[in-house]
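Reading the structure
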Amino acid sequence: MSTSRDKLICSAKKLDFYFGKENNYLDKVNNIIENHTDTKSVAELYKSIFLLQQINKRNKLTPLLKDLSDNLASFLGYTYLFDTLEKELSHQKKSSLDDLLVELNQLVGLEKVKKEVSRLIIYQKVQSKRKESGLNIPKRTLHMAFMGNPGTGKTTVARIIGRMYYQLGLLSKGHFLEVSRTDLIAGYQGQTALKVKNVIEKAKGGVLFIDEAYSITENENTDSYGRECLTELTKALEDSRDDLIVIVAGYTEPMNHFFESNPGLKSRFNYFINFENYSSTELLDIFETLARKDDYNIDDKLKEVLLNYFNEKLESNLTNFSNGRFVRNLYEDLIMNQAVRLNQSEDVNLKELTLLIKDDFCLDENCSSDIDL
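Conventions used here
Residues numbered from 1 in each chain as written. Predicted model: local features only at pLDDT ≥ 70, side-chain atom pairs only at ≥ 80, totals over all residues. Heavy atoms only, no water. Helix = DSSP H or I, 4+ residues; strand = E, 2+ residues; numbered from the N terminus. Contact = heavy atoms within 4.5 Å. Areas by Shrake-Rupley, 256 points an atom, 1.4 Å probe, with all protein chains shown as cover. pLDDT = per-residue confidence, 0-100. Buried < 20%, exposed > 50% of the residue type's maximum accessible area, 1.4 Å probe, protein only. Arc of directions from axis to C-beta. Salt bridge = Lys/Arg side-chain N within 4 Å of Asp/Glu carboxyl O. Expected span 1.5 Å × (residues − 1). Lys, Arg positive; Asp, Glu negative; His and termini not counted. Core = buried A, V, L, I, M, F, W, Y, C linked by side-chain atoms within 4.5 Å. Phe/Tyr/Trp six-rings, centres within 6.5 Å; stacked < 30°, edge-to-face > 60°. Lys NZ or Arg CZ within 6 Å of the ring centre and 35° of its normal. Pairing = 2+ DSSP bridges. Axes fitted to C-alpha atoms, helices over the stretch in contact; angles between N-to-C directions.

**Here's the deal with the overall build of the chain**
Tallying secondary structure elements over the chain gives 16 helices and seven strands in all. For the chain, long-range pairs separated by at least 24 residues make up 74% of all intrachain contacts whose partners lie at least 6 apart in sequence. Summed over its atoms, the accessible surface of the chain is roughly 20500 Å², and 48% of this surface lies on carbon and sulfur atoms.

Below, the structure written as structure tokens:
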């Protein structure tokens, strides 16, 4: 019978096989097995799993990540893992407002979003000073709507805003809870309202992020569960607005339809922020950032090929272009192609191991057909 330790090691090996070992999950897991008290390593591994899950939603990688996450919790114990992540969250909360603004501004692109968020923070800082001086402050909800294509940084920005509002004293906890339709809607009539209430209670004091919020009402003519969810959610937006931020996100047009589905819904949101597609140079910046973090360098000829490729994609006017997720998938394809290419050589030096070249840009399935293990 496999022990929790064996299962954890096995799930790490599967991920290393998928990635070609560049993330070294097995090394990270072995380090945790040898030193349970290294809470920083535990938190960093779990953060890595979570971020990859967000990037690879509905991707074949998702079950592998969930398997590692579950086995990590089973090995360490759910209580220990929860306490470790809470400790890491407390450490993140200590980031000053200036630190968080720097973190926001370091994100690739999103200039209009950064400007809008900065305006919101300035407004809230001034209102805090007015309150301290005994002046009345306008009654405005903090709820927001993020609209745009996937992979444009909506979740990342939402997390930063939550921590900023915590620093401003507008939220009591500053934690982040991401949910979707399945987390809000029950399988039986009458249970959805209770499920929404439970989610709201967990989110109080922090940010409730509802991705693809329009899925709640996409079958509004036949979906009584969706209408029940929306009714309860609309009520909660008003009742809990003093210590809760609800951020709904999704494609622009479906989100517009979402707000039209309930007469009182749109009035509960004060801030509507549009996330535009990244430019070709910004997509290349994202690719370079991914490569740099994994100790890869990019040949100049490959950069030129990538830039042209991104331009072609953007000029195709793809309605559902996945931006950062598209770049991540392309990056994973290239490092896999590089591994197959290097496998043909008996003697590979350090420079070759770290360099991605034009030949690695091969999106045809036939380009890796001759594999000799």
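Read on, since the account is not over.
**Re the confidence of the model for the chain**
Summarising the model, the chain shows a mean pLDDT of 82, and 85% of its residues fall at 70 or more. Between residues 368–373, whose pLDDT stays under 50, and residues either more than four places distant or in other chains, the model counts six contacts.

**Some words on helix α6 (residues 97–105)**
Where α6 is concerned, the buried positions are Leu97, Leu100 and Leu104. End-on, the buried residues of α6 take up no more than an arc of 60°, which puts them together on one face. For α6, the secondary structure elements touched by its buried residues are α7 (111–132) and α8 (154–167).

**Considerations on the pattern of salt bridges**
Applying the stated criterion across every chain, the model contains 13 salt bridges. Across the salt bridge formed by Glu116 and Arg119, the nearest N and O atoms sit 3.9 Å from each other. On the criterion of helical spacing, the pair formed by Glu116 and Arg119 is a turn pair, its members being three residues apart in helix α7. According to the relative accessible area criterion, Arg119 is exposed, its value standing at 54%.

**Examining helix α13 (residues 280–293)**
Each turn of an α-helix holds 3.6 residues, which means side chains three or four residues apart point in the same direction. The terminal C-alpha atoms of α13, which comprises 14 residues, lie 20 Å apart, in line with the 20 Å expected from a rise of 1.5 Å per residue. Every buried residue of α13 is listed here: Ser280, Glu282, Leu283, Leu284, Ile286, Phe287, Leu290 and Ala291. The inward-facing, buried residues of α13 abut β6 (297–298), α14 (300–315), α15 (324–342) and β7 (355–356). Phi turns positive one or two residues past the end of α13, at Asp295, with a value near 65°.

**Things to note about the side chain of Glu232**
Considering the arrangement of structural elements, one finds Glu232 in helix α11 (residues 224–239). Although buried, Glu232 forms no salt bridge, and the nearest oppositely charged side chain, Lys197, lies 4.3 Å from it. Not counting the four nearest positions on each side in its chain, Glu232 is found in contact with Ala193, Val196 and Lys197.

**Remarks on the nonpolar core**
By size, the foremost hydrophobic cluster in this structure holds 49 residues, and its most contacted members are Val117, Phe146, Val157, Tyr165, Phe287 and Phe310. Dropping the residues within four chain positions of it, Phe146 is found in contact with Lys154, Val157, Ala158, Ile161, Phe209, Ile247, Val248, Ala249, Gly250, Ile273 and Phe275. With 27 residues, the next largest nonpolar core counts Leu208, Met255, Phe258 and Phe259 among its residues.

**Focus: the packing of aromatic side chains**
This structure, assessed with the given rule, holds 13 aromatic pairs. The interplanar angle of 75° and the centroid separation of 5.1 Å between the aromatic rings of Tyr309 and Phe361 together place this pair among those described as edge-to-face. Here Tyr309, found in helix α14, pairs with Phe361, found in the segment after β7; they are 52 residues apart in sequence, far enough to count as distant. One aromatic cluster in this structure is built from Tyr309, Phe310, Phe321, Phe326 and Phe361. Taking NZ or CZ as reference, Lys28 lies 5.2 Å from the ring centre of Tyr25, over its face. The side chain of Lys266 reaches across the aromatic face of Phe272, ending 5.7 Å from its centre.

**A short note on the sheet that holds strand β3 (residues 207–211)**
Spatially, five strands are ordered β2-β3-β4-β1-β5 in an open sheet, and the strand pairing comes out parallel. A strand with exactly one partner marks an edge of an open sheet, and here the two such strands are β2 (176–179) and β5 (271–275). Taking each pair of neighbouring strands and ignoring which way they run, the sheet shows an average axis angle of 20°. In this sheet, strand β4 (residues 245–250) lies alongside strand β1 (residues 144–148) in parallel orientation, the contact comprising four bridges. Bridging across to β4, Phe146 finds its partner in Ala249. Sheet contacts for α7: β1 and β5; angle to β5, the most-contacted strand, approximately 155°. Across the sheet, helix α12 (residues 252–260) is in contact with β1, β4 and β5; its angle to β4 comes to roughly 130°.

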